[in-house]
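The residues making up each chain are set out below.
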Amino acid sequence: MVADSAELRVPKSATNAATLTVVAKERAAEGIVSFTLAHPDGARLPDWTPGSHIDVVLPNRTTRQYSLCGDRWDAHTYRIAVLREPWGRGGSAYMHDELKVGDRVGVGGPRNNFPLVPSQKYLFIAGGIGVTPLLPMIRQAEFLSTDWQLLYGGRTRESMAFCEELATAYGERVHIVPQDERGLLDLAAWLGTPRPATKVYCCGPAPLLTAVEAACAAWPSYAMRAERFTAAAQTAPVQRASFKVELRRTGRTVIVTPDVSVLELVRRAGVEVLSSCEQGTCGTCLTPVLEGRPDHRDSVLADHERAANDCMLVCVSRSCGDRLVLDL
Ligand code: FES
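Residues numbered from 1 in each chain as written. Predicted model: local features only at pLDDT ≥ 70, side-chain atom pairs only at ≥ 80, totals over all residues. Heavy atoms only, no water.

Another point: the side chain of serine 319. For serine 319, the position within the fold is in strand S17 (residues 318-319). In this structure the side chain of serine 319 is engaged in a polar contact, spanning 2.9 Å, whose partner is the backbone oxygen of glycine 321. Excluding residues that lie within four positions of it along the chain, serine 319 makes contacts with Gln239, Phe243, Arg293, Pro294, Asp295 and Leu324. (Helix = DSSP H or I, 4+ residues; strand = E, 2+ residues; numbered from the N terminus. Polar contact = N/O pair within 3.5 Å; in protein donor to acceptor, adjacent residues only side chain to side chain. Contact = heavy atoms within 4.5 Å.)

Shown next as structure tokens:
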């Protein structure tokens, strides 16, 4: 995941960030550079699971989320890959042009909003840089001797990172589809008929995710998980009126007005909630809900997680009714 649309600011979670050193910087494909990060003292890094991302806080005080795409069993380094985004706000350009081996960056996390749940089979679908969170998932599936296949599309072969690594390690399980050679991914052929005991994991640009969701229409909703780079388009809120949010542990109540987020008002009440993207894409501000029904407006939670009504992303989500009780 690369959330290059995130605000250019240090996240609240950065106060807990570790400082890591860039120990390697390599070209991974046309317009994509990979970075390897390690603790300056060589200390062990926090463990992570496939699908996890880290917040990278750059020396120019910008922050971005990047999927970990290295070996989860390597306790001493993290690997990320960064696509240069010509229309981004400067974070990817900074990393491509300025950040060099020996520099230090703040790193928050890892956190996982895109966990690999057990399944007998996996179908992984990647678009461009969206291959990054899927690399450790594939290693995990392989480690567990689980049946899997990867459908990997991109503009051109030269622009697709880790093609050689994937083809060399996994051979025919990997289907590489450069658009200029083979056209668009044939999602109807891959997804038109639900496959038993199979889960679909998809990461890539919004049009690909929309197309995969449409092609999965006949699949059970729990069978597909996607990770978005940017916030999904939202429908109008369930209601536009103000609502009350009770913070059960701190004993405070705030009134959330239509033009201010729950996160902002909770903070104004003096209660700290970690955040990063503040666009509903990173999962940092996930907060337990004790009573009430959230109007979920994020791009992280799966349908069954929303239906459970027991948590919400307070940077963007609101309330269906006139009252919510949060475990804050
Ligand atoms: Fe990223 Fe709320 S801060 S989802």
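Moving on, we get to the packing of aromatic side chains. A complete count under the given rule lists 7 aromatic pairs for this structure. Between the aromatic rings of tryptophan 148 and tyrosine 170, the centroid separation amounts to 5.1 Å while the plane-to-plane angle is 85 degrees, which identifies the pairing as edge-to-face. Of this pair, tryptophan 148 sits in strand S8 (residues 147-154) while tyrosine 170 is found in helix H3 (residues 163-170), placing the two residues 22 residues apart along the sequence. The pair formed by tryptophan 148 and tyrosine 170 is uniform in burial state, with each residue classed as buried. Aromatic ring contacts, followed pair by pair, group Phe114, Tyr122, Phe124, Trp148, Tyr170 and Tyr201 into a single cluster. (Phe/Tyr/Trp six-rings, centres within 6.5 Å; stacked < 30°, edge-to-face > 60°. Buried < 20%, exposed > 50% of the residue type's maximum accessible area, 1.4 Å probe, protein only.)

In a soluble, globular protein the nonpolar side chains are often hidden away together inside. Judged by nonpolar contacts, the single largest core of 30 residues is most densely connected at Phe124, Leu134, Trp148, Leu150, Tyr152, Leu166 and Tyr201. Looking at this core, the elements that each hand over two or more residues are strand S7 (121-127), helix H2 (134-143), S8, H3, strand S9 (174-178) and strand S10 (198-204). Looking at which element gives the most residues to this core, the answer is H2, with 5 residues. With residues up to four places along the chain from it excluded, the contact list for phenylalanine 124 reads Leu116, Leu134, Met137, Ile138, Ala141, Trp148, Gln149, Leu150, Leu151 and Tyr201. Counting residues in each nonpolar core, the second largest holds 25 residues, with Val254, Cys285, Val300 and Cys315 among its members. (Core = buried A, V, L, I, M, F, W, Y, C linked by side-chain atoms within 4.5 Å.)

Once rolled over the atoms, a probe with the size of a water molecule shows which space is left empty. Computed from the structure, the largest pocket encloses a volume of approximately 830 Å³. Elements with a contribution of two residues or more to the lining of the largest pocket: S7, S8 and helix H6 (206-215). Looking at the lining of the largest pocket, the element that brings in the most residues is H6, giving 4 residues. Looking at the lining of the largest pocket residue by residue, the classes come out as 18 nonpolar, 11 polar and 7 charged. When its volume is computed, the second largest pocket comes out at roughly 540 Å³. Glu213, Ala226, Arg228, Leu301 and Asp303 are the residues nearest the centre of the second largest pocket, which is lined by 25 residues in total. When contributions to the lining of the second largest pocket are tallied by element, the ones reaching two or more residues are H6, strand S11 (224-228) and helix H8 (303-307). Classifying every residue of the lining of the second largest pocket by side-chain character gives 13 nonpolar, 6 polar and 6 charged. (1 Å grid on protein atoms, 1.4 Å probe; cavity = no way out; pocket = protein on both sides within 12 Å on 5 of 7 lines; lining within 4 Å. Points joined across faces, edges and corners; volume = space filled by probe spheres on them. Nonpolar A, V, L, I, M, F, W, Y, C, P; charged D, E, K, R; others polar.)

Under the criterion given, the structure shown has 2 cavities of 30 Å³ or more. The calculated volume of the largest cavity comes to roughly 50 Å³. Lining the largest cavity, in full, are Asn113, Phe114, Ala226, Glu227, Arg228, Thr281, Ser299 and Val300. Class assignment of the residues belonging to the lining of the largest cavity gives a composition of 3 nonpolar, 3 polar and 2 charged. The space that makes up the second largest cavity amounts to roughly 30 Å³.

Quick look at H6 now. Among the residues of H6, those classed as buried are Leu208, Leu209, Val212 and Ala215. An end-on view of H6 places all buried positions within 125 degrees of arc, on one side of the element. Projecting away from the buried face of H6 at angles above 90 degrees are the exposed residues Pro207 and Ala214. Contact partners of the buried residues in H6: S7, helix H5 (187-191), S10 and S11. (Arc of directions from axis to C-beta.)

Moving on to a nonpolar patch on the surface. Where nonpolar side chains cluster on the molecular surface, the patch consists of Trp73, Phe143 and Leu144 and spans about 410 Å² of accessible area. You can see leucine 144 is positioned in the loop between H2 and S8. A relative accessible area of 52% means that leucine 144 is categorised as exposed. (Patch = residues over 30% accessible without salt bridge, like charges linked within 9 Å, V, L, I, M, F, W, Y side chains within 5 Å. Areas by Shrake-Rupley, 256 points an atom, 1.4 Å probe, with all protein chains shown as cover. Salt bridge = Lys/Arg side-chain N within 4 Å of Asp/Glu carboxyl O.)

The subject of this paragraph is the sheet that holds strand S18 (residues 323-326). The mixed open sheet is built from 5 strands, whose spatial order is S13-S12-S18-S14-S16. The sheet is open, and its two borders are formed by strand S13 (252-256) and strand S16 (311-313), each paired with just one other strand. Sheet twist, expressed as the mean angle between neighbouring strand axes with direction ignored, is 35 degrees. Two strands pair when backbone bridges link them, and strand S14 (residues 286-291) and S16 are joined in this way by 3 bridges, in the antiparallel orientation. Bridged to leucine 286 within S16 is leucine 313. (Pairing = 2+ DSSP bridges. Axes fitted to C-alpha atoms, helices over the stretch in contact; angles between N-to-C directions.)

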